[in-house]
Amino acid sequence: MTWLITGGAGYIGAHVARAMVAEGERVLVLDDLSAGVRSRLPEGVPLVRGSALDGELLKSVLAEHEVTGVVHLAARKQVGESVERPTHYYRENLGGLATLLDAVAEAGIRRFLFSSSAAVYGDPDVDLITEDTPCTPMSPYGETKLAGEWLVRAAGRAHGMATVCLRYFNVAGAAAPELADTGVFNVVPMVFDRLTRGEAPRIFGDDYPTPDGTCVRDYIHVADLAEAHLAAARRLAGGATGDLTVNVGRGEGVSVRELVTLIGEVTGDGTPAVVEPRRPGDAPRAVASSALAERELGWRAQRGVRDMVESAWQGWLLHHPEARHD
Ligand SMILES: NC(=O)c1ccc[n+]([C@@H]2O[C@H](COP(=O)([O-])OP(=O)(O)OC[C@H]3O[C@@H](n4cnc5c(N)ncnc54)[C@H](O)[C@@H]3O)[C@@H](O)[C@H]2O)c1
C-alpha cells in the first residue's frame, strides 16, 4: 500500500505519518503548510506542498506515487473562526474533500479514511455519546465535518470505496516534543500560554450541571489517536468494504477544573484559575463511548490524562523555553 496523508504536516497528521512509517507503510504527505510544519515529517516521507482544492495537482500526485489509500486530515479547525467565516470553512473543508474524492475516484483508489470530530454531536444530553447519538453540530466547523461524513459515505457507495470516519474527541499530548501542537486553540496549550505569561488560567463557567460545575470532556492522547488510524488503515487494507464511523475517545470524563489542577501539578505552577462567564456553544459534557472502536477496530486508548499533560508540557517547553522555571 502507498498512503497519501493530507494535512500530514499538522499536529495530528504528523503523528499519523510517524506511526504508519514505524509500521513499515509507504507514506507521502500533501499539505499547504497553512498550519503545518515541514520539520514534523519523519525522514524520507515526501512532502507535496499544495492544497486539497487543487484537483490537477491531486490527480498527478495520486498517479505519480501510485497511491492506494488516502487519510484525509487537511482542514481548517477553529470553531470560532468558522462562525465568523462560514463560507471559507465550507469551501476549504467541504470543497477540499469533494475535490479530493473526485481525484481519488478517478484514480480508482478504494480506501479512504476521514478525520471527523466530536463537534458533529453538538450538545447531546447523554452520559456517553455513541455513534447513534443524534448529530446537531453547533458551529459551521462541526457542520463541515458532519456533511463531510455524508459526502465520504456517498462517494464510497458510488465508487465502491471502503471508508472509515473517525470522530476524534479532545486531542492532547505529543509522542515527542517536536511533534507537539504549536497552536493555542485547545484547553491544554491555552492554560500553558496563560501560565507562561504569568497570568491565571481561565475557566469559562463553573455553574454547569456537572459534579464540579465546570465542563467535562473526553481527552485522548494523540499517540493513541495515531494508533486508531493504524487500526483503521489495517481494516481498509485487509479488504473491508462499506463504511464505518466510530468515536475515538477514552470514555472517561475529566472536568476543566480537574485538568487545570493537573496542569498545575505537572508544570509546578499552581496559580489558581479565575472563573469567567460561560462561552456560547460549550456543551456541559461530551464523553465518548469507545465500545464500537474497540469492537470494530480492536483499538483502545492506552494513555492517561497525566501522560497527555506531561508530554504536551515537554513540547511546550521546546517552543517556549521562557516557560521553564526550575
Ligand atoms: N486537534 C483536535 O483536537 C481535533 C479534534 C477533532 C478533529 N480534528 C481534525 O483533525 C484534523 C487535523 O487537525 P490538527 O489538530 O492536526 O490541525 P492542524 O491545523 O495542525 O493540521 C491540519 C493540517 O492541514 C493543513 N491544511 C489545512 N487546509 C489544507 C488544504 N486545503 N490543503 C492542504 N493542506 C491543508 C494544514 O497546513 C495543517 O498542516 C483536522 O481535520 C481537524 O478538523 C482535530
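Since we're looking at a predicted model, the values are computed, not measured.

A.B. asks: Tell me about the pairing of strand 1 (residues 2-6), and name the residues and values.
C.D. replies: With four of its five residues buried, strand 1 lies for the most part within the structure. Where strand 1 meets strand 2 (residues 26-31), five bridges bridge the pair, whose relative direction is parallel. The residue bridging Thr6 from the neighbouring strand is Leu30, located in strand 2. For the crossover from strand 1 across helix 1 (residues 11-22) to strand 2, the handedness is right-handed.

A.B. asks: Explain the sheet that holds strand 14 (residues 285-286) to me, and be specific about the residues and the numbers.
C.D. replies: Strand order in the open sheet made by the three strands is 12-9-14, with mixed pairing throughout. Sheet topology places strand 12 (254-255) and strand 14 at the edges, where each strand pairs with a single neighbour. Pairing between strand 9 (residues 216-217) and strand 12: two bridges, direction antiparallel. Bridge pairing in strand 12 links Arg217 to Val254.

A.B. asks: Got a sec to walk through the sheet that holds strand 11 (residues 243-248)? Specific residues and values, please.
C.D. replies: One open sheet accounts for seven strands, arranged 3-2-1-4-5-6-11; its pairing is parallel. Two strands lie at the open edges of the sheet, namely strand 3 (47-49) and strand 11, each paired on one side alone. Pairs of neighbouring strands in the sheet enclose a mean axial angle of 20°, with direction left out of account. Pairing analysis gives four bridges linking strand 1 to strand 4 (residues 69-72), with the strands arranged parallel. Across the sheet, the residue bridging to Ile5 is Val71, located in strand 4.

A.B. asks: I'd like a rundown of the site of the ligand, residues and numbers included.
C.D. replies: Around the ligand, the structure places 30 residues, and the nearest of them are Gly7, Gly10, Gly36, Ala74 and Ala75. Listed by contribution, the elements that provide at least two residues to the shell around the ligand are helix 1, strand 2, helix 4 (86-106), strand 5 (111-117) and strand 7 (170-172). No other element matches helix 1, which puts three residues into the shell around the ligand. Among the residues forming the shell around the ligand, the class breakdown is 13 nonpolar, 12 polar and five charged.

A.B. asks: Tell me about unusual backbone geometry, residues and numbers included.
C.D. replies: Of all residues except glycine, most have a negative phi; of all peptide bonds, most are trans. Positive phi values are uncommon outside glycine, yet Leu33 reaches one of about 60°. Looking at the element boundaries, Leu33 is found in the loop between strand 2 and strand 3. The exposure class of Leu33 is exposed, given the 12 C-beta atoms found within 10 Å. In this structure, Glu66 takes a positive phi of about 50° despite not being glycine.

A.B. asks: So what's going on with the pairing of strand 5? Which residues, and what values?
C.D. replies: Of all seven residues that make up strand 5, seven are buried, and the element is covered over most of its length. Here strand 5 shows two buried faces, one formed by Arg111, Leu113, Ser115 and Ser117 and the other by Phe112, Phe114 and Ser116. Here strand 4 pairs with strand 5 via three bridges, running parallel. For Val70, the partnering residue across the bridge sits in strand 5 and is Phe112. Bridging between strand 5 and strand 6 (residues 162-168) involves seven bridges; their strand directions are parallel. Its bridge partner lying in strand 6, Ser116 is registered against Arg167.

Analysis parameters
- Residue positions within a chain follow its written sequence, with the count starting from 1.
- Totals for whole chains, interfaces and linings use all residues, but because this is a predicted model, local features are given only for residues with pLDDT of at least 70 and pairs of side-chain atoms are given and counted only at 80 or more.
- Think of it as a crowd count around each C-beta: if 20 or more other C-beta atoms lie within 10 Å the residue is buried, if 12 or fewer it is exposed, and in between it is partly exposed, with C-beta placed from the backbone throughout.
- Put simply, DSSP marks the helices as runs of H or I at least four residues long and the strands as runs of E at least two long, and each gets a number from the N terminus on.
- A pair of strands is labelled paired if DSSP reports no fewer than 2 bridges between them.
- Convention used here: a crossover is right-handed provided that the path from the first strand, over the helix, to the second strand proceeds clockwise when the strands point away from the viewer.
- In this analysis, axes come from line fits to C-alpha atoms, helices being fitted only over the stretch in contact, and the angle between any two N-to-C directions falls in the range 0 to 180 degrees.
- Using a C-beta atom placed from the backbone for every residue, we mark a residue as near a molecule or strand if that atom lies within 6 Å of it.
- When residues are grouped by polarity, Ala, Val, Leu, Ile, Met, Phe, Trp, Tyr, Cys and Pro land in nonpolar, Asp, Glu, Lys and Arg in charged, and all others, Gly among them, in polar.

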